[in-house]
Amino acid sequence: MITSTSADSPDGTTPDRPTGGTFTLLAHTADLRAVLTAPDRPALYRTAVDFVRAVIVGDQAVRPVETRAVEPEGDAPDERFFRFVRELFYLFDLDGFLPAAVEGDGPWTVRGERLDAARHAWEHHVKAVTRHAYLFDARPDGYHVELVLDL
Amino acid sequence: MSPTPPDNTLPTPAGRASPYRVERIDDWRWRVPRQGKMRTEGLIFADDALMEDVLGDEAVTQVANVAHLPGIVGPSIAMPDIHWGYGFPIGGVAAFDLDGGVISPGGVGYDINCGVRLLSVPLGVGDVRPRLARLIDTLFASLPSGVGSARSDLRLDDRAMNDVLRRGARWAVARGFGTEADLACIEAGGCLPDADPAAVSKKARARGRDQLGTVGSGNHFVEVGYVAEAYDEVAADVLGLAPGTVTVFIHSGSRGLGHQVCDDHLDRMQDAVKRYGIELPDKQLCCAPLGSPEADAYWGAMNAAANFAFANRQLMTHHVRQAIAGVFDDTVAGATRLVYDVAHNIAKIEPHVVDGRERRVCVHRKGATRAFPPGHPELPERYRPLGQPVLIPGDMGRYSYVLLGTARGFDETFGSSCHGAGRRMSRGKAKVLARPRNVPAELAAHGVLVRAASRATVDEEIPEAYKDVREVVDVVTHAGIARKVAQLKPIAVVKG
């Protein structure tokens, strides 16, 4: 089990500004289950970026030297968040884009860089973000999200 | 939503994960009786030991969940390699009436037409051993494997992509990547006619454009082995699998393209479920009535993705033959024969006898292999007297099997059998177990060379992470839903 306090820094390499969110990665039979928490919505999206990066390359540094625009899809907050996470994995699958930070509140600007084989070693290849047991719980004191990733 | 267990639920035999009651039918079969809102019962093939594994996760609940879907005919079936999946269990088979039934992307899986292909090489294992390292290094170099594997020598533009999606393995053979004889030994001739390239999104195309002819990651592989034992020598001879013959197993699917097709249509079907008022115990089971616009769109896209997978395995076969030509000679490569190619993640419309009358039903096989009986018209003429070859890879350290479909299996399981060993350990746990070890060295000491893009892949795929495939195969053969022809043993593996 990996539990991490999510962090988001201006240059994406040295965490110095905690998002306030956390993510936990748990083993599943063949795959990976994740639990994300955050005090508010911007923190949840920042935590999602850190979670996706951690799944793909662990704690290796990623520089915010390129941007990708992510449009909101879906009507409800749970669906919008699900599709945002899925899009981050899609961007990596498409051309190796690793997310470092996110700005905006839908549409989002995701900053990061393409995987550099000299500096980054892949930890997991996520084939899909599944809807199985997907939980998006918005509470007065923050967000609690559970996701299962197909590896 | 979570399934609502009925009030009179009895614990499973071990009293563990599932709220659904399970009853023994015989030594190889278990029933999940109709409970709560189940529309039919569940039928699980397993012996006592495998059932212990089954009861340890959510697989029984998933068998029961599938039994909730509208229009299901016959039982919700699970093979002995069943394990927890997304919505449908892996190792699940379910058939739906064309009138009132549904199609579900979760019943096919993310890797549409993930499947297995077996080649027979006209060499004995003793001929290959001296050049084995060179052969596996050549295969490793010519077949991109691992996370994000892509080809730099083949990138499909939109027109070529449409051709691949429409024609599958036929597209590859028309370009010189194989022969007509290959096509005869592929399920459906390597080309599903209902493919609709227009139903495949730009995103899916983008993911697949440079992935044709690649292994991929996870449990995908290319494995060189040999026939260690023939249980039916006549059948083994017909299949080109005489004892000692060298073989090549290819396990791959539709890569990122198929995953994206599944994702795209899961989104559409989330809405369809609401529109058609379908009550589901698990969101991942989302589906649409057969004949609806949503079902038609998925059907066209799924068949197109399946064709992409057939073309992928055909391209890989071409590169295997090229490697054999380089290490041995053109004659050996040219005589390397495709034994069979069969999907284990797919939905097909097939005629089956249900309740005493023949009906066309939509059979979902997710981690389950089609296993048609002797005499079936869809089999290649050469194999028709035998039944369909059923290819069952095991883990990379032990053995694999070639089976044949049976009449009993056709009647009882909609012509389906198991698809592999089935995972019993999480990837994380396998990695922890492998961390202090040198797994490639251990396998080499047992006569199996391994090449992989990363250590992590090999560690995650250690033999102990899987059930013993012999136990799985014993169940389907004792139950009579398939019969054994040959056991293959690995000597070199390229891991995805």
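Residues numbered from 1 in each chain as written. Chains lettered and ligands numbered in written order. Predicted model: local features only at pLDDT ≥ 70, side-chain atom pairs only at ≥ 80, totals over all residues. Heavy atoms only, no water.

A. Just the pairing of strand β7 (residues 115–124) of chain B, in detail. Residues and elements named next belong to chain B. With respect to burial, β7 is a largely interior element, 8 of its 10 residues being buried. Strand direction decides the pairing type here: β7 and strand β11 (residues 337–343), joined by 6 bridges, are antiparallel. Bridge pairing in β11 links R117 to D341. Pairing geometry for β7 and strand β9 (residues 245–252), over 8 bridges, is antiparallel. Bridged to R117 within β9 is I250. (Buried < 20%, exposed > 50% of the residue type's maximum accessible area, 1.4 Å probe, protein only. Helix = DSSP H or I, 4+ residues; strand = E, 2+ residues; numbered from the N terminus. Pairing = 2+ DSSP bridges.)

B. The pairing of strand β2 (residues 29–32) of chain B, seen in detail. Residue and element names in this part refer to chain B. Sheet topology places strand β1 (residues 23–26) next to β2; 3 bridges connect them, and they run antiparallel. Looking at the pairing, R24 lines up with W30 of β2. If you look at the hairpin formed by β1 and β2, you'll find 2 residues sitting between the two strands. One ladder, built from 4 bridges, connects β2 with strand β3 (residues 42–45); its direction is antiparallel. Residue pairing in the sheet places W30 in a bridge with I44 of β3.

C. Representation of the layout of surface pockets within the structure. By volume, the second largest pocket is sized at about 460 Å³. In this structure, the second largest pocket is lined by 20 residues; those nearest its centre are H124 of chain A together with R427, G428, K431 and R435 of chain B. For the lining of the second largest pocket, the elements supplying multiple residues, two or more each, are β2 (18–27) of chain A together with α14 (427–434) and α16 (455–460) of chain B. Considering each element in turn, the lining of the second largest pocket owes the most residues, 5 residues, to α14 of chain B. Of the residues that constitute the lining of the second largest pocket, the class distribution is 9 nonpolar, 2 polar and 9 charged. (1 Å grid on protein atoms, 1.4 Å probe; cavity = no way out; pocket = protein on both sides within 12 Å on 5 of 7 lines; lining within 4 Å. Points joined across faces, edges and corners; volume = space filled by probe spheres on them. Nonpolar A, V, L, I, M, F, W, Y, C, P; charged D, E, K, R; others polar.)

D. Local environment of the pattern of salt bridges. One pass over the full model with this rule turns up 56 salt bridges over all chains. Ionic pairing is found between D95 of chain A and R68 of chain A, a salt bridge with its closest N-O pair at 3.1 Å. You can see D95 of chain A sitting in helix α2 (residues 77–95) and its partner R68 of chain A sitting in strand β4 (residues 66–70), a full 27 residues away along the chain. Among the salt bridges present, the one from D93 of chain A reaches R207 of chain B, with a minimum N-O distance of 2.6 Å. One end of the pair, D93 of chain A, is in helix α2; the other, R207 of chain B, is in helix α8 (residues 202–208), on a second chain. When its relative accessible area of 6% is taken as the criterion, R207 of chain B is described as buried. (Salt bridge = Lys/Arg side-chain N within 4 Å of Asp/Glu carboxyl O.)

E. Structural context of the confidence of the model for chain B. Residues with a pLDDT of 70 or more make up 96% of chain B, whose mean pLDDT is 93. Taken together, the stretch residues 1–15 of chain B has pLDDT below 50 and engages in 26 contacts with residues farther than four places along the chain or on a different chain. (pLDDT = per-residue confidence, 0-100. Contact = heavy atoms within 4.5 Å.)

F. How the structure looks around the sheet that holds strand β5 (residues 90–97) of chain B. All names here are of chain B. Across the sheet, 7 strands lie side by side as β1-β2-β3-β4-β5-β13-β12; this open sheet has mixed pairing. Both outer strands of the open sheet, β1 and β12 (345–354), are each paired with one neighbouring strand and no more. Neighbour to neighbour, the strand axes of the sheet diverge by 25° on average, direction disregarded. Note: strand β4 (residues 72–83) against β5, 5 bridges, orientation antiparallel. Looking across to β5, one finds that H83 is bridged to I90. With respect to the sheet, helix α2 (residues 59–66) is in contact with β2, β3, β4 and β5, its orientation differing from that of β4 by roughly 160°. Along the sheet, helix α11 (residues 293–327) contacts β12 and β13 (357–366); its crossing angle with β12, the most-contacted strand, is approximately 110°. (Axes fitted to C-alpha atoms, helices over the stretch in contact; angles between N-to-C directions.)

G. Fine view of the packing of aromatic side chains. Here the structure, examined in full by the defined rule, presents 17 aromatic pairs over all chains. Between Y231 of chain B and Y401 of chain B, the aromatic rings sit 6.4 Å apart at their centres with planes inclined by 20°, giving stacked as the arrangement. Residue Y231 of chain B is found in the loop between β8 (221–230) and α9 (233–239), and its partner Y401 of chain B is found in strand β16 (residues 400–405); the two are separated by 170 residues along the sequence. Here a set of aromatic residues connected by ring pairs shows up, and it is made of Y45, F81, F84, W108, F136 and Y143 of chain A. (Phe/Tyr/Trp six-rings, centres within 6.5 Å; stacked < 30°, edge-to-face > 60°.)

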